[in-house]
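These are the residues of each chain, in order.
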Amino acid sequence: MTDLVVPKLNNNDTSYVLTDWLAEDGEQVKSGDPIAEVETSKAAEELLSDATGVLHRLTAVSQECAPGDVIGYVFDSEEARQRFLAEAVAAAAAPAEDGNSGGPVLTDSARELAAAHGIGGTELRGLGKAVVRRTDVERLLADRTAAPAAAEPVVVAGAAALAAGDGPEADDPRSVHQLTRAQRAVAAVVTESHREVPAALAVVKVRADAALAVARQLTRATRTLIGLPELLVKAIGGLREDHPLLFASPGDGGSVRLAEAAHVGVTIDVGTGLFIPVVRDVEELTCAEIAETLMDFRTRAGGEGFRAGELAGGTIVVSLHTDPDVVLAGPIVFPGQTCVVAIGGTQDELALDAAGQVVVRRFVNLSAVYDHRVVNGREAVAFLQAVKAALEAPDRLAEE
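Residues numbered from 1 in each chain as written. Predicted model: local features only at pLDDT ≥ 70, side-chain atom pairs only at ≥ 80, totals over all residues. Heavy atoms only, no water.

## Examining the sheet that holds strand β7 (residues 64–65)
Put simply, the test is: Being paired, for any two strands, means DSSP has found at least two bridges between them. The secondary structure listing takes helices from DSSP runs of H or I that are at least 4 residues long and strands from runs of E that are at least 2 residues long, numbered from the N terminus.
Read across the open sheet, the four strands follow the order β5-β4-β2-β7; overall the sheet is antiparallel. On the outer flanks of this sheet lie β5 (44–48) and β7, each paired with one strand and no other. The pairing of strand β2 (residues 16–21) with β7 spans two bridges and is classified as antiparallel. What sits directly across from tyrosine 16, in β7, is cysteine 65.

## What about the nonpolar core?
Worth spelling out the cut-off: Buried residues of nine kinds, namely Ala, Val, Leu, Ile, Met, Phe, Trp, Tyr and Cys, make up a nonpolar core once their side-chain atoms join them within 4.5 Å. Summary of the burial criterion: residues with accessible area below 20% of their type's maximum are buried, those above 50% are exposed, and those between are partly exposed, where the area comes from a 1.4 Å probe applied to protein chains only. The contact criterion used throughout is that any non-hydrogen atoms of two residues lie within 4.5 Å.
Counting residues in each nonpolar core, the largest one holds 56 residues, and the members touching the most others are Ile236, Leu366, Phe383 and Val387. For this core, the leading source of residues is helix α8 (residues 287–301), giving seven residues. Discounting chain neighbours no more than four positions away, the residues touching leucine 366 are Ala202, Val203, Val204, Val206, Leu232, Val341, Ala342, Ile343, Leu384 and Val387. One finds Trp21, Val29, Ala51 and Val74 within the second-largest nonpolar core, a separate group that totals 18 residues.

## Remarks on unusual backbone geometry
Even without a glycine there, the phi angle at serine 62 is positive, about 80°. Although it is not a glycine, aspartate 281 sits at a positive phi angle of roughly 50°. Positionally, aspartate 281 belongs in the loop between β19 (278–279) and α8.

## Things to note about the environment of proline 7
Its location among the elements puts proline 7 in the loop between β1 (2–5) and β2. Residue classification places proline 7 among the partly exposed positions, given a relative accessible area of 34%. Separated by 60 residues in sequence, proline 7 and proline 67 place their C-alpha atoms 5.2 Å apart. Residues contacting proline 7, with those up to four places away along its chain left out, are Tyr16, Leu47 and Pro67.

Take a look at the structure:
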């Protein structure tokens, strides 16, 4: 029996929705066959079978599933599947006796969640299911949370207030706005980031005149629109070997996994939602190739959208906040990464040139939000200074 495990499809979501099964219960499938389709907040993705055999489906269409959840099994034969079902039914019907707890069969993720929250056999048997999935255990936990509890008054600034929660009362006259699935996914990721990643912030000021001039030259030479974002992606991609911890993925608390290539996620928002598609192997691309990739991303964000795989695998993120009045941005670090670099809008300032004359100079603020468990301030600032140096002397970026 082989578990069909939901993979991690992107960093934007903590759960997905199973939208369709592409093979029937009991159908013979081959390794590599598409067997199910799941929907993330940004895209739809087919899941492939990891084995050849007979499919047994656990999760129903329209149910949520999380990375690591087992949504089905592939058995060696139909006989093996029927034996499993018979054993599951017998176990669910068996009474609890000394030395025999009885109860349903649990998927691995359901068993781990039940153990973590002290959910015992009585509650699990009460579900009346032969096979208990993670979503079943989550519903039990939700029922526990929903159980009414006595609210105690809390004195706030001399007035009594009930600590029963911040939600609107039943007679609250305010209208209710339901968040979209995409926004709920953003909320889940933001919450996870703030809970899991102790982030720190560093900011440098970058003179932008030389980079803007080179961008204009490249635009004319390549007939491809190139600006500061394209040069920034190129500059960051070239720093992976010198600053590997900024491109790493946190491990077990005592180690990290270093990236073998610079796969740079770039925020794209054209009014249809926030996407972070990944520009892969940036070290091997020219500025014009990066510009063409980003233009394709912008076009697809407003139309056909992305495959889930195109939103996954980033080793660092560039967050674009290039509206003219944006001075500084401090986005979240996505779980599984250690750094996000944000660029603000272009600003003008008065400065003295070499002859002592007052001139107008253009600059941007560049910030790095980083996982302080992995990266210290000295390394983050050194990384930003390297990006600054590349943008202030951009000829090399244009040549590569």
